[in-house]
Amino acid sequence: MATNTQLPPHIEKMRSRVGVGFKKVHNPVGVYGARTFESLGYDNSLNMDDFKNNLEIQVSFCDPDRVVFDVVHVDAPIANAIRRILLVEVPSIAVETVYVHSNNSIMHDEMLAHRLGLIPLRIDPRSFTVWKKGDEVTTQNTVKFSLKVRCEMNKSAPRDDEAPPDVLYKGHKVYSGDMKYVPMPGQSFAVPPAPVHDDIVLAKLGPGQDIHIEMNATKNIGKEHAKWSPVSTASYRLLPEVTITKEARGQLAMGLKNLCPANVFDIEDDHAVVRRPRDCTMCRECIRETPFSDHVELTRKRDHFIFDVESTGVMPADSLVTQALNVLVEKCDMVLEGLDTAIKRSSGGDSDVDFTAAD
Amino acid sequence: MNQDHPSNPKVEIIGADQRSQTFVLRNEDHTLGNALRYVLIKNPDVKFCGYSIPHPSENIMNVRVETYGKPAAELFKKALLDLKDMAQFINTRFGLEVESYKAMNNETEA
Ligand code: SF4
């Protein structure tokens, strides 16, 4: 194909930017066709070497709960695949089977079971296998927990009916921290499995009520049930760009600076300048009315993604991103394998596909 | 989930003409579908590529590939390899960046 030349500025802008108008978003759909700009001498195809040279990743925040990073020169389908995999295809471990021996609290068994399922458990699922209904329960696919609590009158409480139940009763609230890991024979962990938070209220009991539950936690993915999703949120946004198209000075500059709730603008030598475009929320206030709308243009950069991944705490957030990318690699491998068998099958003659027909 | 039956192949190829074929993938969704379509459409040898999930309760996805002459299966395979390569490369780079971020921040704390 033709060697790369620059596209004319107005077309380059359509290709590489998403325009944010007051009432409308311009060019929301990316143009990815390899030959789309062929007649202009512009090669829009994917070249793996270029991809590797151009790719930029910057981590702007990283702790076990949250990672914020920029991925530049990657297109939406790839970024979206990463996001979607984070949400529903990175495995984790959650309570799946609940055996209720006794529950005479006001919370129904099924409601309680549902709440137990949603408790994030700090267990690394990577050494586990997936348990499916009907499978044998082994140390490799299950972690057992038990919950045994009972509420009593607090004998030493003041004789005051107005006192809150926490004072009147012992064990009034049932917390996730009351879930106890029950080791199966031959099962051992460096860090004993436990809920990520031990202060989640599961149920409230009155005096004389008790809950006795045994449960099996298993490994699966968020596609099966949202309780296995390892992230609180995994999202991205495109990098905002705020451009001053016509010089704004004096009163106008001051007005613009004060207008912006995200404090994007600064004033330098009596001119309004864009100082913190990353903070722009695209609230469109600056393009809502004249005279400001004549001076400002809002766009987003189509190939600059700002990812924000928050873990539920089951695993460090950065490790989740790594696992998501590994899942994508596995998916490709699986399809590659399937493709090879499919090609063999059809060339083996047991199908009606005629491979001699081409050309 | 009876559609998961092991006798169902992961990939089936439909179409007599090698240059225009439909790849029927099982247990895949928009995650892989859109990414694959993107990589294929970025290949100048591909004349047309689109994907569809005909019914939400069937776990089937069709990827249609029509080429300017090369066998569609070959380009489909190349797309998968490219996508895999991209994922691996992003992964390595991401790992390095996280490491250097952690190293930097531990330094400033110390
Ligand atoms: S869109 Fe809103 S946040 Fe962004 S620069 Fe304009 S006023 Fe500020």
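Located above this text is the structure these notes cover.
Reading the values: rules and limits
Residues numbered from 1 in each chain as written. Chains lettered and ligands numbered in written order. Predicted model: local features only at pLDDT ≥ 70, side-chain atom pairs only at ≥ 80, totals over all residues. Heavy atoms only, no water. Pairing = 2+ DSSP bridges. Helix = DSSP H or I, 4+ residues; strand = E, 2+ residues; numbered from the N terminus. Axes fitted to C-alpha atoms, helices over the stretch in contact; angles between N-to-C directions. Contact = heavy atoms within 4.5 Å. Buried < 20%, exposed > 50% of the residue type's maximum accessible area, 1.4 Å probe, protein only. Arc of directions from axis to C-beta. Salt bridge = Lys/Arg side-chain N within 4 Å of Asp/Glu carboxyl O. Near = heavy atom within 4 Å. Nonpolar A, V, L, I, M, F, W, Y, C, P; charged D, E, K, R; others polar. Phe/Tyr/Trp six-rings, centres within 6.5 Å; stacked < 30°, edge-to-face > 60°.

Residues and elements named next belong to chain A. Taken together, 4 strands build an open sheet; the order of strands is β5-β14-β7-β11 and the sheet is antiparallel. The open sheet has two free edges, formed respectively by β5 (92–103) and β11 (180–182), since each of these has just one partner strand. Strand-to-strand twist in this sheet, taken as the mean axis angle between neighbours without regard to direction, amounts to 30°. As judged from the 10 bridges shared by β5 and strand β14 (residues 210–220), these two strands associate in the antiparallel manner. Following the sheet pairing, Y99 is matched in β14 by E214. Its contacts with the sheet put helix α4 (residues 109–117) on β5, β7 (142–150) and β14, and the angle it makes with β5 is roughly 150°.

Bringing α4(A) into the picture now. Note that an α-helix has 3.6 residues per turn; residues three or four places apart therefore point the same way. Residue and element names in this part refer to chain A. Residues of α4 that are buried: L112, L116 and G117. Axial view of α4: buried residues confined to an arc of 140°, hence all on one face. Buried-residue contacts for α4 involve β5, β7, β13 (201–204) and β14.

Let's shift gears to the pattern of salt bridges. Going through the model one piece at a time under the given rule, you end up with 32 salt bridges over all chains. Between A:D266 and A:K257 there is a salt bridge, with its nearest N and O atoms 3.9 Å apart. Judged by its relative accessible area of 18%, A:D266 is buried. For the salt bridge of A:D333 with B:K84, the shortest nitrogen-to-oxygen distance reads 2.8 Å. Of this pair, A:D333 sits in helix α7 (residues 317–347) while B:K84 sits in helix α2 (residues 72–109), each in a different chain. Each of A:R84, A:E89, A:K223, A:K331, B:K10, B:E28 and B:D29 takes part in one network of salt bridges that share partners.

Moving on: the site of the ligand. Taken together, 13 residues are adjacent to the ligand, and A:C260, A:C280, A:C283, A:R284 and A:C286 come closest. Taken together, the residues of the shell around the ligand break down into 10 nonpolar, 1 polar and 2 charged.

Another point: the sheet that holds strand β2 (residues 20–26) of chain B. Ordered in space as β1-β2-β4-β3 (chain B), the 4 strands form an open sheet in which the pairing is antiparallel. Of all strands in the sheet, those bounded by a partner on one side alone are β1 (11–14) and β3 (46–52) of chain B. With strand direction ignored, the average angle separating the axes of adjacent strands in the sheet is 20°. With respect to the sheet, α7(A) is in contact with β1 and β2 of chain B, its orientation differing from that of β1(B) by roughly 45°. Together, β2, β3 and β4 (60–67) of chain B form the strand contacts of helix α1 (residues 30–41) of chain B, whose direction differs from that of β3(B) by roughly 170°.

With that settled, the discussion passes to the packing of aromatic side chains. Inspection of the entire model under this criterion finds 11 aromatic pairs over all chains. Summarising the aromatic geometry, the rings of A:Y181 and A:F189 are spaced 5.7 Å apart at their centres and angled 80° between planes, so their arrangement reads as edge-to-face. Looking at A:F189, the relative accessible area reads 27%, which means it is partly exposed. Both rings, one in B:F23 and one in B:F76, keep their centres 4.1 Å apart while their planes meet at 0°; by these two values the pair is stacked.

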